[in-house]
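Report on the structure
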Amino acid sequence: MTKIGIILGSTRPGRNGEAVAKWVLDVASKRTDAEFELVDLLDYNLPHLDEAIPPAMGQYSKPHTLEWAKKIGSLDGFVIVTPEYNHSTSGALKNAIDFLFAEWNNKAAGFVGYGSVGGARAIEHLRLIAGELMLADVRASVHLSLAQDFENYSIFLPKEQHEQALTAVIDQVVAWSKALAPIREAAAA
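Residues numbered from 1 in each chain as written. Predicted model: local features only at pLDDT ≥ 70, side-chain atom pairs only at ≥ 80, totals over all residues. Heavy atoms only, no water.

**Details of empty space enclosed by the protein**
Leftover empty space is mapped by rolling, across the atoms, a probe with the size of a water molecule. How we decide: Of the two site types, the cavity is a set of points on a 1 Å grid over the protein atoms alone where a 1.4 Å probe fits but cannot get out, and the pocket is an open set with protein on both sides within 12 Å along at least five of seven lines, each lined by residues with an atom within 4 Å of a point. Grid points are joined across faces, edges and corners, and a volume is the space filled by probe spheres set on the points. Residue type decides the class: Asp, Glu, Lys and Arg count as charged, Ala, Val, Leu, Ile, Met, Phe, Trp, Tyr, Cys and Pro as nonpolar, and the leftover types, Gly among them, as polar.
Under the defined criterion, the tally for this structure stands at one cavity of 30 Å³ or more. Volume-wise, the largest cavity comes out at about 50 Å³. If you trace the largest cavity, you find it lined by Ile80, Ile97, Trp104, Phe111, Leu126, Ile129, Ala130 and Leu135. Looking at the lining of the largest cavity residue by residue, the class counts come to eight nonpolar, no polar and no charged.

**Description of the sheet that holds strand β3 (residues 77-83)**
Strands belonging to one sheet form pairs held by backbone hydrogen bonds; the direction of such a pair is parallel or antiparallel. Here is the rule: Only when DSSP finds a minimum of two bridges between them are two strands counted as paired. Starting at the N terminus, helices and strands are each numbered in turn, a helix being any DSSP run of H or I of at least four residues and a strand any DSSP run of E of at least two. Note on geometry: axes are lines fitted to C-alpha atoms, helical ones only across the stretch in contact, with angles between N-to-C directions running from 0 to 180 degrees. Any pair of residues with heavy atoms lying within 4.5 Å of one another is described as a contacting pair.
Pairing is parallel in the open sheet, where five strands are placed in the order β2-β1-β3-β4-β5. Here the strands that pair on one side only, and so sit at the sheet edges, are β2 (35-40) and β5 (135-145). Going from strand to strand, the sheet's axes swing by 20 degrees on average, the running direction of each strand aside. With eight bridges joining them, strand β4 (residues 107-115) and β5 adopt parallel strand pairing. When the sheet's bridge partners are listed, Ala108 is paired in β5 with Ala136. Its contacts with the sheet place helix α5 (residues 161-179) against β1 (3-8), β2, β3, β4 and β5, and it is angled at close to 170 degrees to β5.

Shown next, in the form of structure tokens:
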């Protein structure tokens, strides 16, 4: 069964992303074409990148890196929930991505952003990063407005049309994850 991780890309106290990620998981869990799980960066307690050897070498030395690599390596694709901070993604998410290399390769990723302009700029930055990691980003994305989809900028109340957009993201991530499986298998051999 194809395994898709829903990565919660914020570690900030009081983060809006937790409600968004749980919504993504709730919508995804109604499906039978893949298994979905929430991957919360808080559960991995990653410090600022502290590996001496570049991730592309695959020579991880720290227990937290090995645990993170095992989790990401076990998944076939991702729906990444990202806040937008200062016209980009969160430092915590960028740091978590930077810890690894091969574990991201030949997998699919879709994005759900939230912020003043729906996280659009954070998503665009993540698309650039995905290319370098051989992570195939899908076209569809979800853009949630802090002003329109959150009451008082803190209580998540998504507009109805967002579920349709999320379904498109998940459809594409699952399809691409399955299509890339032979490439992942060949690379592992």
